[in-house]
Every structure is written in C-alpha cells, then in structure tokens.
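# Tertiary structure, described
The chain contents come next:
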Amino acid sequence: MGISRIFRRERLDNYLKSDQHFAKTMTAKDLMSLGIGAVIGTGIFILPGTIAAQYSGPGIVLSFLLAAIVCSTAAMCYAEFASVLPVAGSAYSYGNLVFGEIIGWVLGWALILEYVLAVAAVANSFGAYFNSFLAGFHLSLPTTLTGPYDPAHGTYGNIVAILVVLLISWLLNRGMRESMRINTTIVFVKIAIIILFVLVGIFYVRPSNWQPFAPFGTKGILRGASTVFFAYLGFDVVSASAAEVKNPKKNMPIGIIGTLIVASVLYMLVAVVLTGMVHYTKLNVADPVAFALTLVHQNWTSGIISLGALAGMFTMMVTMIYSSSRLIYSIGRDGLLPKFLGKIDPSNGTPKNSLAVITVVIALLGGFVPLAQLTNLVNIGTLVAFLFVSFGIIRLRHIKELPENSGFKVPWYPVLPIVSGLLCFGMMLQLPAETWIASSIWFALGLVIYFSYGVRHSRLNDDLPQ
C-alpha cells in the first residue's frame, strides 16, 4: 500500500447518493436551535463571573467579543464547506473530500473524542445539578446512584446521567422533525431565562462596579479571551446536519453564522449586567449569576437560573448526541468502521445503528467514569478540526471536479482562512502538556485502527483496479 492510497479522496457523488436516504426536514431556524443548544450551556452562568474575577474585570465583555471574532473566522470556513458539500459527517467528510482518506479519518477520530467526552461530562454534571434541584424540594436519590463508580465513596453509578442520555437517544430515534420541535422549545426556555436575568439584573446595576474597567490591563483581556474562546466551541456541530437540511446552500451559512451572533450577544449581555451588579472581585465563585441574584435578594430568580442550567445542559446533549451519531454513520458509510453503522432506518430516516452504539458508549462513560481530568481533550479535538477546515478552504477552491460554489464564500480569501488556521493553532499551543500527551495516545490508537481495519475495509477499495 503506497502513500497515494491513503491520500486518495472520496467522490462527492458517492456521498450524495448514500446520504439521499436522510429525511430533509431541517430549516435555518432548526439549525440555529441546534447551534445555540450546543454553544449556550451552563458556561453562560459561570464564565462571565469567574473569568472577570481572575483575568479581565468588567473588560470581560471585550474578551467575549474578541473570542467571538476569532471563532467567526472558523465559522465562515465551515459555512463555505457546508454550502458546497451538503453531506453528513462535518469535518470528517470535508477532510475525505479535499485532503484524502487518512486526513478525513484523523479528523473523524478527533471529533469522536470531542463529542463523546463532551456529552459524557455534561451528562455527569446534569446528574449533579438535578440532584441539587431535587434538594430544593427536600427530595434526594440514594447516594449509591448519584456518582461515578467509586465504592470507596459509596457511589456505584450516576443514574440520572444514564437516564437523560437514554431519553435524548429515544427522542432522536423518533425522527428529526419531532426532536427539533422539543429541542427548539427548550432552547427558547433557556434564552428566556437568560433574558430574565438581564431584565431583572439591570435594575441593580451600579456603574461604579465597572471601575476600573480593565484592572489587569490589555493582557488580562487577551487572557480572558483565550479562556472564554472555548465557550463558543460547538457551533461546528451544525455542519453535521447538512444532509438533512432543506436548501443547504442558503440555510447552512445562516445556521452556523447566526448561532455565533446570537451566542455572542447573549454572553456579552450577561457579562455587562453581572459585572454591573456585583464588583468583579467578588465573582470568583462556582455559581456567580445565582450568587449575584441572591446578593440583591432575588432568591426566586436564582432558583430559575438553576432550571436554566439544566435546560442548557439538556440541549447541549441533544445536539452533541445527534451530531456524534451522524459522524459515526459517516465513518461506517465509508467502511472505516463496521458498515452496519452506516445504515439509515428507512422508516424514519435516522442512522439507528450508529445512534444506538454512541448512546451506549456515552451512557457508560457519563454514568460510571469520572471525567474531570479529560475535558481538556474536548478542546484539542475541536481545534484540530477547525485547523484543517480553515486551511481546507484553500484546497477546496482548487479542486475542479467539485461543483462550483453558488452559495456562501469566505470573504478576504485567502487571508482570512490562513488567519483562522493560525489562530486555531495558537489556541492549541495554550493547552497544557498533559492534554497533548493524552491526545497523542488517542490519535496513535486511531492510526492503529485505521491501518489494521479501516484501510482494508474502506469503500475506496471498490474503485481501485483489481
């Protein structure tokens, strides 16, 4: 097997033929609901306070703005890819189509890491938040069912984490139309709760709390931006749904870029009001938004914020489980994982097998494995995908056999894609050494699987001369 074989590119018509069995039901509104569901999670109730206290002060609003600008460069690259290549699989499929199979596999393996760990960690947190929510009504679950498998501390499994993953999988398996209706409703509830905080909190803002605006200087604002950058990760999952979207050339860019705009506005509004209500030096607490509301004697609103946190985690899990099932489907479709994963259920147009497998994996991890030390791996998986998608725009525009792009195009080409790729690489360099070591082990395992199984069972082998 030569180098040319592993860099052989998949044909777009093969993907379009395989993906035609998906039911095309999703609109731009559905895509924005998916994206906002992924990006706006519990972080909106935590990051504006803790980052203001540690790095940025009231200048946290500029940190969010800078992070949004950096993310927007990658978002525009994703929007162009989704417009030209309306296929399932997001960066995995894009890599296969423009760089070759080995790069596609690496990107797919990186995204598996991102999606699985992200959902498992959030499912774990959902269980903890739900238990706190029950405590407000003087109810509780048995201690044995409230944490990962840890007999020394009396916990044998997080039953809420397992059940919420199974519930979401059941909803998704019923079809995208019904799932999106439920997801959109919960996203609206979440946004309403955020707006409620802004409307209540604005009456308690004291401009003196915004002084000094940048107590740690420009360096603090930049440090804050590099930290809150990861709050925006998740918009890329919108591109995983391209095969199920009506008029993808129009709706995919609206969904991806619209998600980023709405998320940026909400993050910045919360940051402005929060730092105006309470001096930034007091916000280095686990729940700064609830703390601020309690401080101004709005305890009832504080309880609603807890409900908003649960809603935020739920919609994030819906989006990530949905996207991961489409990713696994795409890899199975190409034969790099067992081909039964690449089958579509004709009754409802969903990849039932891949959804079942990913549900079991996430439920086991979220219910039984402590994940606190692994969440940084989510960031490196995302940034690897961002990096290749950014530079991939240059390659995309030079492949003559792909259709001409009559949809969204990245502006200021080729400067903006190059800047986007360099910014993503710079963010990767900010990650700690242990993250690089753990991710190296993960990618090494991925290459073993590719060379021992994937390359031998790949659909591309059907096109090779016998």
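Residues numbered from 1 in each chain as written. Predicted model: local features only at pLDDT ≥ 70, side-chain atom pairs only at ≥ 80, totals over all residues. Heavy atoms only, no water.

Inclusion rule: UniProt positions are given in the numbering used here, feature names are shortened, and annotations may be inferred rather than shown by experiment.
With an unreviewed UniProt entry as reference, the protein chain is termed Amino acid transporter, source organism Levilactobacillus hammesii DSM 16381. Its UniProt record gives the protein chain a comment under Subcellular location (unreviewed entry), which states: "Membrane".

### Thoughts on the overall build of the protein chain
Note the following rule: Going along the chain from the N terminus, every DSSP run of H or I of four or more residues is numbered as a helix, and every run of E of two or more is numbered as a strand. C-alpha atoms define the radius of gyration, and 2.2 Å times the number of residues to the power 0.38 defines the globule rule. Each residue is placed in one exposure class: buried if its accessible area under a 1.4 Å probe, protein chains only, is under 20% of its type's maximum, exposed if it is over 50%, and partly exposed if it falls in between.
Within the protein chain, the secondary structure is distributed over 17 helices and 2 strands. A compact globule built from 466 residues should have a C-alpha radius of gyration of about 23 Å, and the protein chain, at 22 Å, falls within 12% of that. In terms of its C-alpha atoms, the protein chain occupies a principal-axis envelope of roughly 75 × 55 × 40 Å. Across the 466 residues in the protein chain, those meeting the buried criterion constitute 58%.

### Digging into the state of the cysteines
What counts, and what does not: Whenever a pair of cysteine sulfur atoms sits within 2.5 Å, that pair is classed as a disulfide.
This structure, assessed with the given rule, holds 0 disulfides. Left without a disulfide partner, Cys77 is nearest to the cysteine sulfur of Cys424, which lies 8.2 Å away. In this structure Cys77 comes out as buried when scored by relative accessible area, which is 0%. Looking at Cys424, it has no disulfide partner, and the nearest cysteine sulfur is the one in Cys71, 7.8 Å off.

### Quick notes on the side chain of Asn209
Convention followed: The term polar contact refers here to a pair of N or O atoms within 3.5 Å; inside protein, the definition further demands a hydrogen-donor-capable atom paired with an acceptor-capable atom, and it admits residues adjacent in sequence only when both atoms are side-chain atoms. Note on contacts: a residue pair is in contact if any heavy atoms of the two residues lie within 4.5 Å.
Locating Asn209 in the fold gives a position in the loop between helix H9 (176-201) and helix H10 (217-228). Asn209 sits in the buried class, given a relative accessible area of 5%. At a separation of 3.3 Å, a polar atom in the side chain of Asn209 contacts the main-chain carbonyl oxygen of Met277. If we ignore the near neighbours within four places in the chain, the residues touching Asn209 are Pro58, Thr275, Gly276, Met277, Val278 and His279.

### Points about the nonpolar core
To keep things clear, this is the line we draw: Put simply, buried Ala, Val, Leu, Ile, Met, Phe, Trp, Tyr and Cys residues joined by side-chain atoms within 4.5 Å make one nonpolar core.
Counting 147 residues, the largest nonpolar core has Tyr78, Leu85, Phe197, Tyr232, Phe235, Ile256 and Met317 as the members making the most contacts within it. Here this core takes 19 residues from helix H7 (residues 101-135), the largest share from any one element. Excluding its chain neighbours within four sequence positions, the residues that come into contact with Met317 are Val119, Val122, Ala123, Phe126, Val164 and Ile168. Ranked by size, the runner-up nonpolar core spans 5 residues in total, among them Phe22, Ala243, Tyr329 and Ile344.

### Brief notes about the pattern of salt bridges
Cut-off, in case you're wondering: Here, a salt bridge means any Lys or Arg side-chain nitrogen found within 4 Å of an Asp or Glu carboxyl oxygen.
This model, assessed by the stated rule, comprises 10 salt bridges. For the salt bridge of Glu10 with Arg459, the shortest nitrogen-to-oxygen distance reads 3.6 Å. Here Arg459 lies in the segment after helix H17 (433-457) and Glu10 lies in the loop between helix H1 (3-6) and helix H2 (12-19), a separation of 449 residues in the sequence. Taking the shortest distance from any N to any O, the salt bridge between Arg397 and Glu80 comes out at 2.9 Å. Within this pair, whereas Arg397 is found in the loop between helix H15 (376-396) and helix H16 (415-429), its partner Glu80 is found in helix H5 (residues 60-84), the two being separated by 317 residues in sequence.

### Focus: unusual backbone geometry
Gln211 connects to Pro212 through a cis peptide bond whose omega is -10°. The topology assignment puts Pro212 in the loop between H9 and H10. Cis geometry is found at the peptide bond from Tyr413 to Pro414, where omega equals 0°. Here Pro414 lies in the loop between H15 and H16. Although it is not a glycine, Ser90 sits at a positive phi angle of roughly 50°.

### Describing the packing of aromatic side chains
Test applied: In summary, the pairing rule links any two rings of Phe, Tyr or Trp, Trp by its six-membered ring, whose centres are within 6.5 Å, and it sorts them by plane angle into stacked for under 30 degrees, edge-to-face for over 60 and tilted for everything else.
On inspection of all chains with the given rule, the structure shows 16 aromatic pairs. Summarising the aromatic geometry, the rings of Tyr78 and Phe386 are spaced 5.6 Å apart at their centres and angled 70° between planes, so their arrangement reads as edge-to-face. With Tyr78 in helix H5 and Phe386 in helix H15, this pair connects stretches of sequence that are 308 residues apart. The class for Tyr78 is buried, based on a relative accessible area of 0%. Seen from their ring centres, Trp105 and Trp109 are 5.4 Å apart, and the 20° between their planes marks the pair as stacked.

### Observations regarding the side chain of Asn131
Position of Asn131 among the secondary structure elements: in helix H7. You can call Asn131 buried: its relative accessible area is 18%. Beyond its immediate stretch of four places on either side in the chain, Asn131 contacts Leu141, Thr146 and Val160.

### Structural notes on the packing of H7 against helix H14 (residues 352-368)
Here is the rule: All axes are obtained by fitting lines to C-alpha atoms, using only the stretch in contact for helices, and the reported angles, taken between N-to-C directions, cover 0 to 180 degrees. Oblique is the label for any angle not under 35 degrees, not over 145, and not in the 65 to 115 range, which are roughly parallel, roughly antiparallel and roughly perpendicular in turn. By convention the crossing between two helices is left-handed if the near helix lies anticlockwise of the far one by an angle smaller than a right angle, and right-handed if it lies clockwise. Residues are grouped as follows: Ala, Val, Leu, Ile, Met, Phe, Trp, Tyr, Cys and Pro are nonpolar; Asp, Glu, Lys and Arg are charged; all remaining types, including Gly, are polar.
As a packed pair, H7 and H14 sit with axes 8 Å apart at the nearest point and diverge in direction by 50°. It follows that H7 is oblique to H14 by the angle criterion. Here H7 and H14 pass one another in a crossing that is right-handed. Contacts between H7 and H14 involve Val116, Val119, Ala120 and Asn124 on the former and, on the latter, Ile358, Val361, Ile362, Leu365 and Gly366. Across the contact of H7 with H14, the residue classes tally to 7 nonpolar, 2 polar and no charged.

### Overview of a nonpolar patch on the surface
We apply this condition: Two joining distances apply to patches: 9 Å for like charges and 5 Å for nonpolar side chains (Val, Leu, Ile, Met, Phe, Trp, Tyr), and every residue must have over 30% relative accessible area and no salt bridge. Throughout, the Shrake-Rupley method with a 1.4 Å probe supplies accessible areas, and for residues the shown protein chains are the sole cover considered.
A surface patch of nonpolar side chains, amounting to about 490 Å² of accessible area, comprises Leu62, Leu65, Leu66, Ile69, Phe213 and Leu222. In terms of residue count, the dominant contributor to the nonpolar patch is H5 (4 residues). As for its position among the elements, Leu62 is in helix H5. Owing to a relative accessible area of 33%, Leu62 belongs among the partly exposed residues under this scheme.

### What about the packing of H5 against H10?
Put simply, H5 and H10 touch, their axes get as near as 8 Å, and they point 55° apart. Relative to H10, H5 is oriented oblique. Where H5 crosses over H10, the two elements pack in a sense that is right-handed. Where H5 approaches H10, its residues Ile60, Leu62, Ser63, Phe64, Leu66 and Ala67 are matched on the opposing element by Ile221, Leu222, Gly224, Ala225 and Val228. Of the residues in the contact of H5 with H10, the class split is 9 nonpolar, 2 polar and no charged.

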